[in-house]
Amino acid sequence: MNPLLQDFNTAPFSKISNADYKPAIKKGIEIAKAEIDAIINNADTPTFKNTTVALDFTGEKLNRITSIFFNLNSAETNEEIQKIAQEVSPWLSEFGNDITLNEDLFKRVKHVFDAKESLDLTPEQQMLLEKQYKSFARNGANLNETDKAELRKVDAELSKLSLKFGENILAETNAFEMHLTDEKDLSGLPESVKEAAKEVAKSKEKDGWIFTLNYPSYIPFMTYADNRELRKKLAIAAGKKGFQQNEFNNEQIVLDIVNLRHKRANILGYKTHAHFVLEERMAETPENVISFSNDLLAKAKPAAQREFTNLENYAKKLDGIDKLQKWDGSYYSEKLKKELFSLDQELLKPYFKLENVINGVFEIANKLFDLQFEEIDSIDKYHEDVKTYSVTDTKGNFVSHFYADFHPRKGKRNGAWMTSYKSQQIKNGINERPQVSIVCNFTKPTETKPSLLTFNEVTTLFHEFGHALHGMLANTTYNSLSGTSVSWDFVELPSQVLENWCFEKEALELFAKHYETGETIPMEYVQKIKESASFHEGMQTLRQLSFGLLDMQWHGGESPQTINSVKEFETKAFAETKLYPDVAENCMSTAFSHIFQGGYSAGYYSYKWAEVLDADAFEYFLEEGIFNKEVATKFKDNVLSKGGTEKPMKLYKRFRGKEPKPDALLKRAGLLK
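## Let's talk about the sheet that holds strand β5 (residues 398-405)
At step 1: In space, the 5 strands of this open sheet follow the order β3-β4-β5-β9-β6, with mixed pairing throughout. With one partner strand each, in any of the chains shown, β3 (371-375) and β6 (417-422) form the two edges of the open sheet. Pairs of neighbouring strands in the sheet enclose a mean axial angle of 25 degrees, with direction left out of account.
At step 2: When β3 meets strand β4 (residues 387-393), the two strands line up antiparallel, connected through 5 bridges. Residue pairing across strands places E375 opposite Y389, the latter belonging to β4.
At step 3: Across the face of the sheet, helix α3 (residues 60-75) comes into contact with β5, β6 and β9 (435-439) while running at roughly 150 degrees to β6.
At step 4: Across the face of the sheet, helix α16 (residues 354-369) comes into contact with β3, β4 and β5 while running at roughly 150 degrees to β3.

Pasting the structure below:
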């Protein structure tokens, strides 16, 4: 029997073989189609219950199967899984079109939608109805047959291209290694970094040290290695992913994706892909995003240019470097930061043993939201590195299952993300609780040392855990409005707000303890972490804005078909935000997974947008106390548990009492005195 087609609560990873996926997805689609047919063939007049609610509950089996499959395609993939993904993605996009382009189904949905004024619906029910109607209208339900057929073609093509884009980046990341055999080349690198590189070499049965493009290897090398030529070699290798004349080149894929998205938007009656996407976001229009970005840019650019000139002068004074290059940035920034704040990342790491940080984030969640985490071994996992937890509230009620997967491996893509295996919903009177997962790429333990995190990795863990809380504390009726199913520029608020606790003495005292002596992190370090938090914030802000503006250029332009060169287009888009000299053999767009593989197209600005919200929200905690129960409960009741049941600004104002202003962010970033 196919384990994916049995009834299961948590994912039965150990029972699944790759051969199970295709038949299970096929069957899942069949079951979902039968559920849709039952709604269409219902002889009764369409009502909120027999149409809107019934539709929200369809496809559960399929969703469970595909969430397992695609989560593994990101966290534990191999060639066979990638091949299956290429085959099943068009099936799923075709099935999605079968629903949104189904005239009989749309008629029923529209019937309920048109009668909404007389239905006496709760805000959540109104939101479900509106979201459902829009998902049809925005995906072609009102189109003629020719346009519907064209839309199907475009969608099938897009689903394949974005998968291929991601596969190419993973292949390029895995293909590169910098093998060093002369210890002189390691000058400047901390012992822990050398040890990790030695273990990589050992695992490949080689002598010496191997550095890769995986972040725990790449970032320390770029930050500490004295050998400028080797930094250059590694930086150029990272910067040309998808931009080399080989089978993994992504240039044509980028152009194809951008053109197809534009074509899709036009078919649906929108000017550009950005207009289509932003209609359903807090920002509403590309013009608003650009004006928001330019506003921040005007405030950040003078600071960024000052910081860059200082850094350039510093590198010149130190090593006689005339022109600062991209491979010099992290190296001299770290040195200057150390000099200005006497703050050494390596000094901090012993205080951030992974297990302690995990316990710290759990304790903070307990103090704020009454949650308790117990590690369990009673549920299946997809890799021995994964940790599994049962989450309960202080009354002992079950809240969620939680999976955490922390270290890099060959089958795992770079970066960090939160995902879920099952959404929360209330069905037949039962509150079905969610199954949430975070996946990261942190330094592995070595033979002599546990996994010690950089401060950056600590904030990453808090960030992903903030997303996880949004999923775990979900408490809505309908799964399509549950947890992180919120507008994309609101989804980063819970994750980004939680990062703030990493900078607070009261929070750090809970978990930042030396892994050998147990000594709590000295308060002068905490002070320095806080002071240095806004170090080079102008440059950081400029960098984030440059990515958001590049994204808007790709997706907000009216004639992408006139773009011939990805590199030239990108260079033009970066003109206003450029600090470092261009590197001819590098291109960012060909590896910009957020917008060409993830869901951030025309949405990358939302990181900065959410920063405005998070700084404003955290200011409230600072005013009342960072563990103030009342403020935490307001945040839980109005933001974390509410999912997408109401418009985000409404929820935010209910928590905060007013609309957010960018002042708190600018103040925190040191850009506003």
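After that view of the structure, there is still more to cover.
## Observations regarding unusual backbone geometry
Glycine aside, negative phi is the norm for most residues, and most peptide bonds take the trans geometry.
At step 1: Non-glycine residue E205 carries a positive phi angle of around 55 degrees.
At step 2: Note on placement: E205 falls in the loop between α8 (191-203) and β2 (209-211).
At step 3: The backbone of S342 sits at a positive phi, close to 45 degrees, despite the residue not being glycine.
At step 4: Within the secondary structure layout, S342 lies in the loop between α14 (329-341) and α15 (345-348).
At step 5: Residue classification places S342 among the partly exposed positions, given a relative accessible area of 45%.

## Observations regarding the side chain of D185
At step 1: Mapping D185 onto the fold places it in the loop between β1 (178-180) and α8.
At step 2: Salt bridges are absent for the buried D185, whose nearest opposite-charge side chain, K184, sits at 6.4 Å.
At step 3: At 3.5 Å, the side chain of D185 and the side chain of N227 are in polar contact.

## Details of helix α11 (residues 251-267)
At step 1: When the terminal C-alpha atoms of α11 are compared, their 25 Å separation across 17 residues agrees well with the 24 Å that a helix rising 1.5 Å per residue should span.
At step 2: Within α11, burial applies to I253, V254, L255, I257, V258, L260, R261, H262, R264, A265 and I267.
At step 3: Next to the buried residues of α11 lie α7 (145-175), α12 (273-278), α21 (537-556), α22 (566-573) and α23 (593-596).
At step 4: A positive backbone phi angle near 90 degrees is found at G269, which sits one or two residues after α11.

## Quick word on the nonpolar core
Burial of nonpolar side chains together is a common tendency in soluble globular proteins.
At step 1: Ranked by size, the top nonpolar core spans 142 residues in total, and within it F352, F402, W501 and W554 carry the most contacts.
At step 2: Here this core takes 11 residues from helix α13 (residues 286-319), the largest share from any one element.
At step 3: Setting aside residues no more than four positions away along its own chain, W501 makes contact with I364, L368, F462, A507, F618, F621, I626 and F627.
At step 4: Listed in part, the 53 residues of the second largest apolar core include I16, I25, A75 and L121.

## Quick look at the pattern of salt bridges
At step 1: This structure, assessed with the given rule, holds 48 salt bridges.
At step 2: The residue K444 makes a salt bridge to D385 at a minimum N-O spacing of 4.0 Å. Of this pair, K444 sits in the loop between β9 and α17 (455-472) while D385 sits in the loop between β3 and β4, placing them 59 residues apart in sequence.
At step 3: Owing to a relative accessible area of 40%, K444 belongs among the partly exposed residues under this scheme.
At step 4: When its relative accessible area of 22% is taken as the criterion, D385 is described as partly exposed.

## Some words on the packing of α21 against α22
At step 1: Closest axis-to-axis distance for the α21/α22 pair is 9 Å, and the angle between their directions is 125 degrees. By the angle between their directions, the pair α21 and α22 is classed as oblique. In the packing of α21 onto α22, the handedness of the crossing is right-handed. Residues L550, Q553 and W554 of α21 form the contact with α22, whose participating residues are V566, F569, E570 and A573.
At step 2: Along the lines of polarity and charge, the residues of the contact of α21 with α22 split into 5 nonpolar, 1 polar and 1 charged.

## Re the side chain of Q82
At step 1: Tracing the sequence through the fold places Q82 in helix α4 (residues 79-100).
At step 2: Apart from residues lying up to four places away in sequence, Q82 is in contact with N73, T77, E167 and L170.

## As for the packing of helix α24 (residues 606-624) against helix α26 (residues 648-656)
At step 1: Direction vectors running N to C along α24 and α26 enclose 20 degrees, while the axes themselves pass 11 Å from each other. In this view, α24 runs roughly parallel relative to α26, as classed from their interaxial angle. Handedness of the crossing formed by α24 with α26: left-handed. Counted together, L613, D616, A617, E619, Y620, F621 and E623 of α24 and Y652, F655 and R656 of α26 form the full contact between these two elements.
At step 2: Each residue belonging to the contact of α24 with α26 can be placed in one class, and the counts come to 6 nonpolar, no polar and 4 charged.

## Considerations on α26
At step 1: Taken residue by residue, α26 has P648, L651, Y652, F655 and R656 as its buried positions. Buried positions in α26, seen along its axis, are confined to an arc of 120 degrees and lie on one side of it.
At step 2: Against α18 (492-499), α24 and α25 (629-640) lie the buried residues of α26.

## Regarding the environment of D185
At step 1: In the structure, D185 is positioned 42 residues away from N227 in sequence and 6.3 Å away in space, judged by C-alpha atoms.
At step 2: Those residues in contact with D185 that sit more than four places away from it in its chain are L180, N227 and L230.

## Let's talk about the pairing of β6
At step 1: The buried count for β6 comes to 5 of 6 residues, which makes it a mostly enclosed element.
At step 2: For β6 and β9, the ladder comprises 5 bridges, and the chain directions are antiparallel. Within β9, the residue paired with K422 across the bridge is Q435.

Parameters and conventions
Residues numbered from 1 in each chain as written. Predicted model: local features only at pLDDT ≥ 70, side-chain atom pairs only at ≥ 80, totals over all residues. Heavy atoms only, no water. Pairing = 2+ DSSP bridges. Helix = DSSP H or I, 4+ residues; strand = E, 2+ residues; numbered from the N terminus. Axes fitted to C-alpha atoms, helices over the stretch in contact; angles between N-to-C directions. Contact = heavy atoms within 4.5 Å. Buried < 20%, exposed > 50% of the residue type's maximum accessible area, 1.4 Å probe, protein only. Lys, Arg positive; Asp, Glu negative; His and termini not counted. Salt bridge = Lys/Arg side-chain N within 4 Å of Asp/Glu carboxyl O. Polar contact = N/O pair within 3.5 Å; in protein donor to acceptor, adjacent residues only side chain to side chain. Expected span 1.5 Å × (residues − 1). Core = buried A, V, L, I, M, F, W, Y, C linked by side-chain atoms within 4.5 Å. Parallel < 35°, antiparallel > 145°, perpendicular 65-115°, else oblique. Left-handed = near helix turned anticlockwise from the far one by under 90°. Nonpolar A, V, L, I, M, F, W, Y, C, P; charged D, E, K, R; others polar. Arc of directions from axis to C-beta.

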